[in-house]
Amino acid sequence: MAIMALSCSVRMPAGFWKNFDSKSITNEINDQGPYGGHRALFWQGIDAAKFNSVNVIEFATKNGWKFKDSSRFTRSEVQRWRYNGKTIFPLSTEGFEPSGSYSNSEYSYFPLSTISDIEVITFETDWTKVEPGSGKVTNACGYVVLIKDQNQMSVYHLWGE
């Protein structure tokens, strides 16, 4: 019984995001195994007031993620982020790759529901990832994607081995 109570209290990676404007969450992808996993959450809102970088950075910081940087990508750049004919957020165990070829099946974990101008906000988390082959341990950054119109938002996180 004590073991079960302990395991239920363990924080879920990126799980706190489910408390960010929860009524506007449209989809969640969540696969957590014993050695790693991935999570993606998607929001669609009529009132875009919460889907801006100030609110997102404040919420993430209050929940233990540390702001690292942000980047903007144009519609034409985002249109090139494709795997198996679908638009993806280009995140794999090798990291976020906004330019390159996308042949790793991990990219299928992270669909991207837009091909408009976006802002990608990068956060350091207290989770790690292990690079295949080398065993090198690095921070498993978390990413928030904000659509230019501020009516959609996505969170992407990949950790472990």
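To be clear, the structure that these remarks concern was listed above.
Predicted model only: the values in this text are computed from it and were never measured. Residue numbering note: each chain is counted from 1, following its sequence as written. Whole-chain, interface and lining totals are the exception, using all residues; otherwise, since this is a predicted model, local features are given only for residues with pLDDT of at least 70 and side-chain atom pairs are given and counted only at 80 or more. Water and hydrogen atoms play no part in the side-chain values, which are based on all heavy atoms of the structure.

S.K.: How should the layout of surface pockets be read in this particular structure?
M.R.: In this approach a probe as big as a water molecule rolls over the atoms, and the regions it shows empty are the leftover space. Cavities and pockets are defined on a 1 Å grid built over the protein atoms alone: a cavity is a set of grid points where a 1.4 Å probe fits but cannot escape, while a pocket is an open set with protein on both sides within 12 Å along at least five of seven lines, and lining residues are those with an atom within 4 Å of any such point. Grid points are joined across faces, edges and corners, and a volume is the space filled by probe spheres set on the points. Its boundaries defined by the atoms lining it, the largest pocket holds a volume of some 220 Å³. Numbering of helices and strands starts at the N terminus; helices are DSSP runs of H or I of at least 4 residues and strands are runs of E of at least 2. Looking at the lining of the largest pocket, the elements with two or more residues in it are β3 (66-73), β7 (95-96), β8 (118-124) and β10 (137-139). When residues in the lining of the largest pocket are grouped by element, the largest group, 3 residues, is from β3. Basically, the charged four are Asp, Glu, Lys and Arg, the nonpolar ten are Ala, Val, Leu, Ile, Met, Phe, Trp, Tyr, Cys and Pro, and anything else, Gly included, counts as polar. Taken together, the residues of the lining of the largest pocket sort by class into 4 nonpolar, 5 polar and 5 charged.

S.K.: I would appreciate a short explanation of the packing of aromatic side chains in the present structure.
M.R.: The geometry of an aromatic ring pair comes down to the distance between the two centres and the angle between the two planes. Ring pairs shown here join Phe, Tyr and Trp side chains whose ring centres sit within 6.5 Å, with only the six-membered ring taken for Trp; geometry is labelled stacked below 30 degrees between planes, edge-to-face above 60, and tilted in between. What the rule picks out here adds up to 26 aromatic pairs. Here F20 and F59 contribute two aromatic rings whose centre-to-centre distance is 5.1 Å and whose plane-to-plane angle is 65°, an arrangement assigned as edge-to-face. On the criterion of sequence distance, the pair formed by F20 in the loop between α1 (2-9) and β1 (25-32) and F59 in helix α2 (residues 53-62) is long-range, its members being 39 residues apart. As far as burial versus exposure is concerned, F20 and F59 are alike and both buried. Look at Y102 and Y107: their rings are 5.1 Å apart centre to centre, the planes differ by 80°, and that puts the pair in the edge-to-face class. Buried residues are those whose accessible area, probed at 1.4 Å on protein chains only, stays under 20% of the maximum for their type, while exposed residues exceed 50% and partly exposed ones sit between those limits. Exposure remark for Y102: the relative accessible area of 12% places this residue in the buried category. Of the aromatic side chains, those joined through ring pairs into one cluster are F16, W17, F20, W43, F51, F59, W65, F67 and F123.

S.K.: Help me understand the pairing of strand β11 (residues 142-147), please; the structure alone is not making it clear to me.
M.R.: When you tally the buried positions in β11, you get 6 out of 6 residues, the bulk of the element. Burial along β11 is two-sided: the residues G142, V144 and L146 and Y143, V145 and I147 are all buried. For two strands to pair, DSSP has to find at least two bridges joining them. Pairing geometry for β8 and β11, over 6 bridges, is antiparallel. Considered in β11, the bridge of F123 is made with G142.

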